[in-house]
Each structure stands twice: as C-alpha cells, then as structure tokens.
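Working through the structure, step by step
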Amino acid sequence: MATLEATQRQAFRRQLLRWFDRYARDLPWRHTSDPYSIWVSEIMLQQTQVVTVERYYHRFLDRFPDVQSLASASEEDVLLLWEGLGYYRRARSMHRAAKQIVELFDGRFPNKFSDVRSLPGIGKYTAGAILSIALDQRHPILEANTIRLFSRLLGYRGDPLDREGQQLLWQFADQILPRKKVGRFNQALMEVGSLVCLPHDPQCHACPVRGTCKAFESGLQATIPSHKKKISYESLHEAAVIVRRGNKVLLRRCRSDERWAGLWDFPRFEITSKGAANRQSELRRKTEELTGIDISLAQNITTIKHGVTRYRITLECYAARYVAHKHRQRRSTQKWVSWSALSDYPLSVTGRKISRLKGPIFATQQPKS
DNA sequence: CAGGCGTGGTA
DNA sequence: TTACCAAGCCT
C-alpha cells in the first residue's frame, strides 16, 4: 500500500499550503461559502477549463441566484445560459436537482454528503468538492489534476483510471487530507496539479512537494501517469436542412437519445449519396423521415467542419422550402420559428453558426415547380 | 463498465 | 492539420 509517514504528511500539507498562499489563490471569481454557488461552478467545471467557465458562471448566477430561481425556471432558459459550454446533460441534471432540493430539502442545498451525492449530476468528486470548499467538511477529492499529481507522488505506473488505480488514489487523497482548512487544501492540490504538475512538461523545479514525489525521485515524471487510451476518430458526413416556410424556418428538438438532447436543431442526418440528383432525393427522403415534411429542391449554402466527442463531422448546410406535410409532429418536438426568434432557442454551436447565415438562406430563389 | 457526452485551447 | 487535454457523471 502506497502511503506517507505521519511526519511526511505534515510536511506535505505545510509545503502545499505555503505555496498556495504565495503563488496561487482561490478561484477569485467564486469567493463564497454558499454551497449553491460552489455547486454551479463545480458542475460547469466538469471537463471544462477554468477560463471558459468564468463568464458563464457570472451570467448564470446573475439570472439564477439561488436554488428557488433555478428550480422554477424552464429547462429552455437554463439551456440557453449553458449554450456553448457543452455536455448539456449537466445543465439538465442540475435543473432536475434544483427541483429535488426544493421538494426534499425545503429549497436549502443539503449539507450531508449522502444527500448531496444523491442529486443527479453529482458524483463523488463534485460532492466532496462542494462540501469541502463551501463548508470545510472533511471529504477527499480526485479529478484530472489530482489524479496526475498523486500518480506521480506515488510513482504509480499502472493505469490511474482503472479500478485498482482509482482505489489507490482515492485512498491516498483521504490519507493526506488535513482535519482543518480542508477546502483550501483541496483547492491547493488542484492548483499545483494544474499550474505545476503539468501533463507534458511538469515544472518539478517549482514544485512545493517534489520532496515527497517518487516520480521526481526516480526521474519518471515524464512517463507517469501512463498515457490514456488513444481515441479512435470517425469521420461523418452529415447534412442540415434549413426548411423555409414564409419567413419562418423549421426547428426540431433533439430527443434524449440523440446528441444535444434537449437542444433545438435544424433537421439533420447522415448523408451517403454521390451525385447531385441522388443527393437531392436523399435530402428529400430523409427530411421527410425525420420531420414528416416534404421539401423542394435544396440549395447548398455552406459547409461546416466540426468535431463532437470522437466524431469529425463535415456538415453540408442546405436551404429548401416547405412543400407539404406528410404527417404531423408534436409542437413540443418541432416548430416553425421566425429567424429573429432563433435567439430564444438553445442551439448547438453549429446550429448557432447556421443561425448567422440569414442572408444566404433567405436570398435563395423559389425554385420553379 | 466502456463508451457516450461538446467545445475550445494549445503544441 | 491533427492529437491531446480539460475541477466527471451516467448507463
């Protein structure tokens, strides 16, 4: 079992906190002990860098300053403030959790670990972070920065993400945790991880805890932690169809089993056909399958390249006109929306890019029938 | 439990 | 341009 002696633990804590006071600091924009605010920031920070979160955080707290206001908002409004942050399930879970807090905890953010952990979107890390940072409760944390830091401190050469690695690192996180100033300590760990114990070029000369680092001792800091599994990227060829009817366009809401669940999007699907005529019939057929609407000849407006998770997507954007309904869909699933009203609907980044193409789309000619 | 989920920044 | 990475969680 990897561990530190009691005296080493004391030295480690002292050096870490001294460094934190001297070179780093609390995230300056969330100086607060309000668990709700810490919660919001921690959810936004999941798999997202600090600089990206800051603006979103202020706007979100401005609009939803407490659990009540969040719980009584519409999911649409919550997602609008989340637009561009990605991983939209976080926003939907947080919205659901806010309702649960109103129902079960009288609108007060819970202060018991098991209660916090039971809320949707809150795992072991987030529960520990909220309660240690906001209320100084003694809970360990383990996330990207501390996984890397602890792996090197312990000289752990296995995969820190598998079950054995996770068990070891959580156990270590718990062992080195002090009894007081737990929130500061946890923040300091993450700051050392993000500012000093860098993934590729660790700044060991500037590290306050290199004295207790096995990787540094053996010169293995470049090879620990063991590299992650390589992502196998897949190319996708898709089309988005902007269906115009008068001065409105067709939007559909992404289902829970689709990417961008809960967001709105222009009808969109994979395309495989070659040649202009085949492409037209494919666009017409798939638009009808998806929306129940028959369209005119489609004009290619532009092509957008973007990546989503492990997919590299080439998205061809087409403008077409409404011809007829083959069958109807619910209004909660599909809507005709004026161009200016697109700003009221949460869209993916590509959807929002398309919404900036009003000129080219409305300049398309009415095809002769 | 391995894979899915978004986007932007950096080398 | 491509590959890697980021204060994880859920199924």
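Observations concerning the packing of aromatic side chains
As enumerated under the stated definition, the model contains twelve aromatic pairs in all. Residues Phe-60 and Phe-64 carry aromatic rings whose centres are separated by 5.2 Å and whose planes lie at 65° to one another, so their mutual orientation is edge-to-face. Across the pair, exposure class does not vary: Phe-60 and Phe-64 are buried alike. Each ring, one from Tyr-322 and one from Trp-336, has its centre 5.5 Å from the other, and the planes form 90°; the classification is edge-to-face. With Tyr-322 in strand β7 (residues 311-325) and Trp-336 in strand β8 (residues 334-338), this residue pair connects regions lying 14 residues apart in the sequence. Taking relative accessible area as the criterion, Trp-336 reaches 21% and is therefore assigned partly exposed. Members of the aromatic cluster, each reached through a chain of ring pairs, are Tyr-36, Trp-39 and Phe-109. The ring of Tyr-322 is capped by Arg-245, whose NZ or CZ atom sits 4.0 Å from the centre of that ring. Its end group placed over the ring of Phe-362, Lys-358 keeps NZ or CZ at 5.8 Å from the ring centre.

Notes on helix α10 (residues 163-175)
Taking 1.5 Å per residue as the helical rise, α10 with its 13 residues ought to reach 18 Å, and the 18 Å between its terminal C-alpha atoms agrees with that figure. Among the residues making up α10, those that are buried are Gly-165, Leu-168, Leu-169, Trp-170, Phe-172, Ala-173 and Gln-175. Those residues of α10 that are buried are in contact with α1 (6-23), α8 (124-135) and α9 (144-154). Between the side-chain oxygen of the N-cap and the backbone nitrogen of Glu-164 there are 3.2 Å, and the N-cap of α10 in question is Asp-162.

With respect to the packing of α9 against α10
Their axes nearest at 10 Å, the elements α9 and α10 cross at an angle of 90°. When the interaxial angle is binned, α9 and α10 end up roughly perpendicular. Listed contacts from α10 to Ile-147, Phe-150, Ser-151, Leu-153 and Leu-154 of α9 are Gln-166, Leu-168, Leu-169, Phe-172 and Ala-173. Class assignment of the residues belonging to the contact of α9 with α10 gives a composition of eight nonpolar, two polar and no charged.

Focus on the domain arrangement of chain A
For an interface, size is often stated in terms of accessible area lost upon the parts coming together. Here chain A is described as being made up of domain 1 (6-218) and domain 2 (235-362). When domain 1 packs against domain 2, the two sides together hide about 900 Å² of surface, and 53% of this comes from carbon and sulfur. Where domain 1 touches domain 2, the interface holds three salt bridges. Where Glu-83 meets Arg-352, a salt bridge forms, and the shortest distance between an N and an O atom there is 2.7 Å. The interface formed by domain 1 and domain 2 holds three residue pairs in polar contact (both at pLDDT 80 or more) in total. Looking at the side of domain 1 that touches domain 2, the element that brings in the most residues is helix α5 (residues 75-82), giving four residues. In terms of residue class, the side of domain 1 that touches domain 2 is made up of three nonpolar, one polar and four charged.

Criteria and cut-off values
Residues numbered from 1 in each chain as written. Chains lettered and ligands numbered in written order. Predicted model: local features only at pLDDT ≥ 70, side-chain atom pairs only at ≥ 80, totals over all residues. Heavy atoms only, no water. Phe/Tyr/Trp six-rings, centres within 6.5 Å; stacked < 30°, edge-to-face > 60°. Buried < 20%, exposed > 50% of the residue type's maximum accessible area, 1.4 Å probe, protein only. Helix = DSSP H or I, 4+ residues; strand = E, 2+ residues; numbered from the N terminus. Lys NZ or Arg CZ within 6 Å of the ring centre and 35° of its normal. Expected span 1.5 Å × (residues − 1). Contact = heavy atoms within 4.5 Å. Polar contact = N/O pair within 3.5 Å; in protein donor to acceptor, adjacent residues only side chain to side chain. Axes fitted to C-alpha atoms, helices over the stretch in contact; angles between N-to-C directions. Parallel < 35°, antiparallel > 145°, perpendicular 65-115°, else oblique. Nonpolar A, V, L, I, M, F, W, Y, C, P; charged D, E, K, R; others polar. Domains from an automatic or database assignment. Buried area = accessible area lost by both parts, 1.4 Å probe. Salt bridge = Lys/Arg side-chain N within 4 Å of Asp/Glu carboxyl O.

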